[in-house]
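Residue-level listing of the chains:
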Amino acid sequence: MNPVRIVIIAKAPIPGFCKTRLIPALGKTGAAELARRMLVEAVNAALASRVGLVELCVTPALNEYDWTTLGLPGGLTWSEQGDGDLGARMARVARRVTSEGASVVLIGTDCPALDSGLLQRAALALRDHQASLVPAEDGGYTLLGLQSFDQTLFDNMPWSTAEVAAETRRRIARLGWHLCDFPPLHDIDEPQDLAMLPAPIRADLPAHLWSTT
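These remarks concern the structure in this document.

What counts and what doesn't
- Residues numbered from 1 in each chain as written.
- Predicted model: local features only at pLDDT ≥ 70, side-chain atom pairs only at ≥ 80, totals over all residues.
- Heavy atoms only, no water.
- Helix = DSSP H or I, 4+ residues; strand = E, 2+ residues; numbered from the N terminus.
- Polar contact = N/O pair within 3.5 Å; in protein donor to acceptor, adjacent residues only side chain to side chain.
- Contact = heavy atoms within 4.5 Å.
- Core = buried A, V, L, I, M, F, W, Y, C linked by side-chain atoms within 4.5 Å.
- Buried < 20%, exposed > 50% of the residue type's maximum accessible area, 1.4 Å probe, protein only.

**Things to note about the side chain of Thr168**
Move 1: Inspection of the secondary structure assignment puts Thr168 in helix 4 (residues 164-174).
Move 2: Engagement of the side chain of Thr168 in a polar contact is seen with the backbone oxygen of Val164, the distance being 2.7 Å.
Move 3: Contact partners of Thr168, with chain neighbours within four places excluded, come to Leu133, Tyr141, Leu144, Leu153 and Met157.

The following block contains the structure:
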């Protein structure tokens, strides 16, 4: 089995820059604080899974935002997302990691239910599957694992729609790859999704954030 690298595609928790669809419920500062908490949760889950290196692929660039203020744990590899849409940024890092002889597990920071155990199972699935997928209830996906790279999985994808996971499955099938498809999980993207936040995350955030939910 190839070594596995978990790559977390992350936005800095800057008010007005991240989780903008939650601003009507939480305000800019509240949405950013929730984004920060979910970023920490994703990093901790990835490190706890112990499947391999954990890379944080970030925007803004490392020289444009002081990432050290977030108090993230050590042991991370850092990279920058660069320009382009989500597909271009994900493709760039997936191509790089697989070209170095590793399988890649791509995740975001929007799904607190994506815990270390599920990350382990998705990574282990790449022993005998060319891809693994954890879909989201809204039709996107929260994890994509790949043994090797193919540009068609990222080009002209209808990002931010309910068709992303289904279209990804179709493209994997056209490649003739075996897919390990996991049950869907909830992303936290819209105000109605806040009800799905795990209690520990909710408890860690200021109570006034929930006054409108």
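That shown, we press on.
**Describing the nonpolar core**
Move 1: Formed by 33 residues in total, the largest nonpolar core has its most connected members in Ile8, Leu56, Val105, Ile107, Leu114, Leu119 and Leu143.
Move 2: Mapped onto this core, the elements with two or more residues apiece are strand 1 (4-11), helix 1 (23-49), strand 2 (54-59), strand 4 (103-107) and helix 3 (116-124).
Move 3: Element by element, the count of residues in this core is highest for helix 1, at five residues.
Move 4: Excluding its chain neighbours within four sequence positions, the residues that come into contact with Ile8 are Ala42, Val43, Ala46, Val54, Glu55, Leu56, Cys57, Ile107, Gly108 and Thr109.
Move 5: Core analysis: the next-biggest nonpolar cluster, separate from the first, contains 24 residues, Met90, Leu146, Phe149 and Leu153 among them.

**Section: the environment of Leu205**
Move 1: Looking at the element boundaries, Leu205 is found in the segment after helix 5 (199-204).
Move 2: Each C-alpha atom of the pair Leu205 and Gly16 lies 18 Å from the other, and the pair is 189 residues apart in sequence.

That is the geometry; function is a separate question.
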